[in-house]
Amino acid sequence: MKYTQLGRTGLKVSRLVLGTMNFGPQTDEADSHAIMDSALDAGINFFDTANVYGWGENKGRTETIIGNWFAKGGERRDKVVLATKVYGNMAADGDAWPNHDKLSAVNIRRAVDASLQRLQTDYIDLYQFHHIDRSTPFEEIWQAVDVLVQQGKILYAGSSNFPGYKIAQANETAARRGSFGLVSEQCLYNLAERRAEMEVIPAAQEYGLGVIPWSPLHGGLLGGVIKKEAEGGRRASGRAADTLANPTARAQIQAYEDLLEKHGVEPGEAALAWLLTRPGVTGPIVGPRTAEQLESAIRAAGLELSEELLEGLDEIFPGTGPSPEAFAW
């Protein structure tokens, strides 16, 4: 496993990030623990979660599963760079109180303490804002974060789903306060969805944030979905199914799968390997439901894509280009 610095920090993280969103809803606790053990054995030290994972009546379940894994000992917690998120309402459905969500100082304080309890740890390496909060000024957010850093409850702060101008606004505010600011941005970015290249990734690079792409296979769309359907495998659902319903988009995905078959490369592994070639990217989040999916992701981390293949991928999925050239001269 290769490692890199997380943005402008001295923190070393693996080029693959273990996403845990499936732990609980789709993968039971025993299998989740086995996947985390295998990830650690493979050298993956960067684990990502969120307080709302588990969803519905089970919000927080994923953090609890991770906490139970840490409690097994074996220096598990010490070896892991742990990232979680705050924003979503954690109150039981139908019992949402006004201050149980978003990024007010009161909710950040409450959410951190609850996450620490579920995770069975006394600190979080990377505490991420899951979404922008249009109602809370960054002065308030950084004041709350600085207190948590001083208390030793968190070490770094990151963002998720922020537009470029909010990354700039957040870090300019932090600089005025003498705060360290955001060190990472977790955004939707993959071969089929490259709009982050216009504003988000350039802003992240300018301010020294590591980019952590989520949904690197675009909901399974880039994982060989057409071939799997033809062979009677798992059918596309969600974002992938919606895309394939469009004949033009389906033809694009077919061309992608044909190109990779020509080069003898598995589609899902190629999509991950492509992200590892992109400027500013720390590492994509892989969210395995099974041990086999984790093994495929690990193979991708060592995959070298030829220039011919990279050029072919760009032809099929052309990027938007940087801003302002993408929409002006």
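Whatever comes next refers back to the structure up there.
Rules used throughout
Residues numbered from 1 in each chain as written. Predicted model: local features only at pLDDT ≥ 70, side-chain atom pairs only at ≥ 80, totals over all residues. Heavy atoms only, no water. Pairing = 2+ DSSP bridges. Helix = DSSP H or I, 4+ residues; strand = E, 2+ residues; numbered from the N terminus. Salt bridge = Lys/Arg side-chain N within 4 Å of Asp/Glu carboxyl O. Buried < 20%, exposed > 50% of the residue type's maximum accessible area, 1.4 Å probe, protein only. Contact = heavy atoms within 4.5 Å. Core = buried A, V, L, I, M, F, W, Y, C linked by side-chain atoms within 4.5 Å.

Enquirer: Sorry if this is basic, but what is going on with the sheet that holds strand E4 (residues 46-48) here?
Expert: As a general point, the strands of a sheet are linked pairwise by backbone hydrogen bonds and lie either parallel or antiparallel. Sheet architecture is open: eight strands sit in the order E9-E8-E7-E6-E5-E4-E3-E10, paired in parallel fashion. Of all the strands in the sheet, the pair left with one neighbour each is strand E9 (210-214) and strand E10 (285-286). Where strand E7 (residues 154-160) lies against strand E8 (residues 182-188), three bridges are found, and the strand directions are parallel. Its bridge partner being in E8, Ser159 is matched across the sheet by Glu185.

Enquirer: So what exactly am I meant to see when it comes to the pattern of salt bridges here?
Expert: Opposite charge on two side chains lets them pair, provided their charged atoms get close. The final tally for this structure, using the stated rule, is 15 salt bridges. Here Arg76 makes a salt bridge to Asp37, at a shortest N to O gap of 3.1 Å. With Arg76 in helix H3 (residues 76-79) and Asp37 in helix H1 (residues 29-41), this residue pair connects regions lying 39 residues apart in the sequence. One salt bridge connects Lys262 with Glu308, and the closest N-O pair in it is separated by 4.0 Å. Taken as a pair, Lys262 in helix H10 (residues 247-263) and Glu308 in helix H13 (residues 307-316) lie far apart in primary sequence, 46 residues in all. In this structure Lys262 comes out as exposed when scored by relative accessible area, which is 63%. Members of the salt-bridge network, linked through shared partners, are Arg194, Glu197, Arg278 and Asp314.

Enquirer: I would appreciate a short explanation of the environment of Ile167 in the present structure.
Expert: Counting through the fold element by element, Ile167 comes out in helix H6 (residues 164-177). As a C-alpha pair, Ile167 and Phe138 span 29 residues in sequence and 11 Å in three-dimensional space. Every residue in contact with Ile167, bar those within four places of it in the chain, is listed here: Ser159, Phe162, Leu182, Glu185, Val200, Ala203, Tyr207 and Leu209.

Enquirer: So what exactly am I meant to see when it comes to the nonpolar core here?
Expert: Considering soluble globular proteins, one finds that nonpolar side chains tend to be buried as a cluster. Ranked by size, the top nonpolar core spans 80 residues in total, and within it Phe47, Ile108, Phe129, Trp142 and Tyr256 carry the most contacts. Counting residues in each nonpolar core, the second largest holds twelve residues, with Val17, Ala83, Tyr156 and Ile285 among its members.

Enquirer: What exactly am I supposed to notice about unusual backbone geometry here?
Expert: Backbone geometry follows two general trends: most residues other than glycine have a negative phi, and most peptide bonds adopt the trans configuration. Following Ser323, the chain continues into Pro324 via a peptide bond in cis, with omega recorded as 5 degrees. Looking at the secondary structure, you find Pro324 in the segment after H13. Phi at Glu75 is positive, roughly 60 degrees, even though this residue is not glycine.

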